[in-house]
Amino acid sequence: MIQNEKKERVVITGMGIVCPLGHDIETTWQAILAGKSGVAKTTIFDASTFPTTFSAEVKNYDIAKFVKNPDLHKNGNRGSKFAVGAAVQACRQAGINVETDEPADGIDRKRIGIYLGAGEGAANHEAFFGAIAAGWDDQTNAMDWTKWADVAAVQMRAMHELEQEANMPAAHLSMLTGARGPIRSCLTACAASTQAVGEASMTIRRGDADIMIAGGAHSMIHPLGQTGFNRLTALSKRNDSPQTASRPFTASRDGFVLGEGAAIVILESLTSAKKRGVKILAEIIGYGSSSDAFRVTDMHEEGRGAIQAMEAAITDAGITYKDVNYVNAHGTSTSENDSIETKAIKAVFKERAKQIVVSSIKSSMGHLIGAAGGAELITCVLAIRDGIVPATINLNDPDPQLDLDYVPNTPRKMQVNVAMKESFGFGGQNNVVIVRKYEDR
Amino acid sequence: MGRTRVAITGIGAVSPLGLTSARMWEGLCAGKSGIKRITKFEPSKFTCQLAGEVEEYKIQQYVPKSFRKATKMMSKDIELAVIAADEAVRDSGLITKAIDEQKINVNPQRMAINLGAGLISCDPCELAPAVAKSLTDSNFDIQKWGKDGIELVTPLWLLKYLPNMLACHVGIIHDVQGPSNTITCAEVSGHIAIAEAAEVIARGNSDIALAGGAESKVNPVLIMRQCLINRTTNKHNDNAEGACRPFDSDASGSVFGDGGGIVVLENLDNATKRGAKIYAEIIGAGQSACINPIYEHIEPDGYGLTIAIEKALAQANISPEDIDLIIPHGTGIPQDDMAEAKGIEAAIGEDVKRILVWPTKSMLSNTGAACGGLDVVAATLAIRDGVIPAAKNCVKKAAGCNLNIVKETIKTNIRHALCCGYTYGGQTAAVILKKFEN
């Protein structure tokens, strides 16, 4: 029988992050609370002539600061390397040994799983474009595949090719931690890591693992990624002011800002966490997933799928909309998302909609795509811990149509008991996770 | 809730053996191979010039009229998923929006979708005119690309190549509004997607799920990638039929191909209530990882696979003696086949002598994220007909492989079938199907 009998409570016992605002939790959190922006001119590749010339890059990251054996990860794509750094932090906090065949933490590796929302590694663009240029005949509009292959076979490198696959960040984390439980990777676009955390919590709840290393890792700051998003006109083109470009819920918002990074949380059954005596940071109480089933190009106009996912998560948590204090928004700074998300929040929170506190940290961090939900979930846990809700920065010209409390520009001191993280993927895959202050009941 | 049973009530497969599951099954039973010399592009400069290509089709025939325009946004991977899903839904007797908008007999909010997908590689020809505009002295110039080249890229280009678009298109066509996921664990994606969809039903989040995977590996970038990683066979370019030889002493690598395999999973009560045909039940799934510093291959003893199989058996609450058929991953890559054989043997012990093992890739090719879906469809049909077709190209078993590879087609009652898979990068999965008994 597919297992569904156990109903373990799921808590968070470790967190780690590598993102445009820092390479650890506290630096990142202080930067967010200080209203800093992680956005600047793109340096990973020459984007100077692209419609968008800036992005939110992870700067000066050195994997060797996190692991003894960086060689094992030397071929890893940016996402894999970020994931390793974030996982090391999270495992350290949760008391899980890494980089050892003989862990002293007493945890059976078959009971540790991994669930990542992770994306592709960048293509080797010189080889990719070079081979196309060599093979293409502009006169006949046809590719000579022998000429293409002559260049591709020499310039494409085996390990670089392998590392482009989306399951590689998870592969690096299983090598790092020795995890032998359920290992999965999903890629539901911008909703991937929220989905990963949600499904990972279900894995623990039904008893298939005691610990799940969950979250996301992604970098689409590469020529093809940016080409794709620029062509979709999804990116902000505010080249004269990169730091204010990500401005969710404003009248002048013109698109999202491409970011990159990794965010990892350690999810653990309450039984295991208590047995090990580790500090409990928060509890995951609800998860909801839905699809818009509308159009691949647009969100459903009324936010049907978003509403369904939020309501499913609330039901799963066994609470009502009245219990939620804080919504950490998808808040991408695109015209479409921010207005439809606002509609959906109104539909779910009804008479409380104007009181509910909503903010988007994409305003500071940019959009980490597959890793976004994980990074944003971490800020929910920190908001609960510190009694402070991060602001939506750059919110100086509110869109008159959007009239919720978006916590403009200044973080707000308030007690947060229940926070909702919502993520909506391109194509209409929606995922919501609800996290609560941990109480020993 | 704890007793929810999950049934397979519909199957769909598009493979190098044909556009339907019936054609695939005919081909498998006849020992046909879908592997041929590549026709999609001139392969003479590739070390492996073979692939499992899918025959011509018209995608418009598989979507409702209102969706025909949207087929322009479909890469081959998406098309393969759409075709397999169309068959699976029709086969199940469910009437979704796509089948007949007037007679819908499903609640869209109670339907889920979970598809395995590859990292879709774009068609280089599609970008070539833009690349041609971006050259300085015949070299690619990123500054020209950013300014001029990019303008020649079709605006919706990216949407064709996001892996989640398989589930999104299929979900829109059939109006699937419940939980939706896209598993990207390379060659074991399809197995995991089916396992997770069964879990979604078991925990009560949906009554019905479309689950499986699809991928088009016959793309010059992806074939070149596999050639460079040395996972392809390079010595059979003049012998397509005999090229992929899982567990054979003369095996020398895998052959890649296109495919899509999707099943309809359903809460058994739901299926019984509507009088659906029930093929089999999914009663257990397990997952783990192989850990190997040389991560393009799995660890030599296949331990990660052993764990997955043991977990699946435990969850199904059966022992190896209850299994009558195993469909392994069996890629034809000698060291991976050997590791898999060891991993399976460690999990099933003495029963290794009895349980018939039937690798399919010698006929279906290695279809990446589609493998799991195609193998679960094949296992379903084997259970239905009580037939295990002969393995192809395993003439002399590799030394050290103790698996009982099925030598000739036999008729036998299959109580339980196990489908297992793994991928470079290490993720493993096992799924157990049970013959349905009322």
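The shown structure was predicted, so the numbers you read here are calculated from the model rather than taken from an experiment. (Residues numbered from 1 in each chain as written. Chains lettered and ligands numbered in written order. Predicted model: local features only at pLDDT ≥ 70, side-chain atom pairs only at ≥ 80, totals over all residues.)

1. What about the overall build of chain A?
Check the secondary structure of chain A and you find 13 helices and 16 strands. A globule of 441 residues ought to have a C-alpha radius of gyration of about 22 Å, and chain A, at 21 Å, matches this closely. Here the C-alpha coordinates of chain A stretch approximately 70 × 60 × 45 Å along the principal axes. Within chain A, contacts between residues at least 6 apart in sequence are counted, and of these 78% link residues at least 24 apart. (Helix = DSSP H or I, 4+ residues; strand = E, 2+ residues; numbered from the N terminus. Rg over C-alpha atoms; globule rule 2.2 N^0.38 Å. Contact = placed C-beta atoms within 7 Å.)

2. Brief notes about the pairing of strand E16 (residues 416–422) of chain B
Residues and elements named next belong to chain B. Of all the seven residues making up E16, seven are buried; the element is thus mostly covered by neighbouring parts of the structure. Of the two faces of E16, the one holding His416, Leu418, Cys420 and Tyr422 and the one holding Ala417, Cys419 and Gly421 are both buried throughout. As paired elements, strand E11 (residues 325–327) and E16 share three bridges and run parallel to each other. When the sheet's bridge partners are listed, isoleucine 327 is paired in E16 with cysteine 419. Inspection of the sheet shows E16 paired to strand E17 (residues 427–435) by seven bridges, in the antiparallel sense. The residue of E17 that forms the bridge with glycine 421 is alanine 429. (Buried ≥ 20, exposed ≤ 12 C-beta atoms within 10 Å, placed from the backbone. Pairing = 2+ DSSP bridges.)

3. Describing the packing of helix H2 (residues 78–94) of chain A against helix H6 (residues 168–177) of chain A
Residues and elements named next belong to chain A. Running from amino to carboxyl end, H2 crosses H6 at an angle of 40°, the nearest separation of the two axes being 9 Å. The orientation of H2 with respect to H6, classified from their angle, is oblique. Once H2 is placed against H6, the crossing between them reads as right-handed. On H6, the residues touching Gly79, Ser80, Ala83, Val84, Ala87 and Cys91 of H2 are Met168, Pro169, His172, Leu173, Leu176 and Thr177. (Axes fitted to C-alpha atoms, helices over the stretch in contact; angles between N-to-C directions. Parallel < 35°, antiparallel > 145°, perpendicular 65-115°, else oblique. Left-handed = near helix turned anticlockwise from the far one by under 90°.)

4. A word on the interface of chain B and chain A
Each partner contributes residues to the interface: chain B has 87 residues there, and chain A has 79 residues. Sorting elements by how many residues they give to the side of chain B that touches chain A places strand E10 (residues 280–289) of chain B first, with seven residues. Classifying every residue of the side of chain B that touches chain A by side-chain character gives 52 nonpolar, 26 polar and nine charged. (Nonpolar A, V, L, I, M, F, W, Y, C, P; charged D, E, K, R; others polar.)

5. Quick word on helix H3 (residues 124–132) of chain B
Within H3 of chain B the residues assigned to the buried category are Pro124, Leu127, Ala128, Ala130 and Val131 of chain B. Where H3 of chain B is buried, its residues contact helix H3 (125–135), strand E5 (136–137), strand E6 (142–143) and helix H4 (145–155) of chain A together with strand E6 (139–140) and helix H8 (220–228) of chain B.

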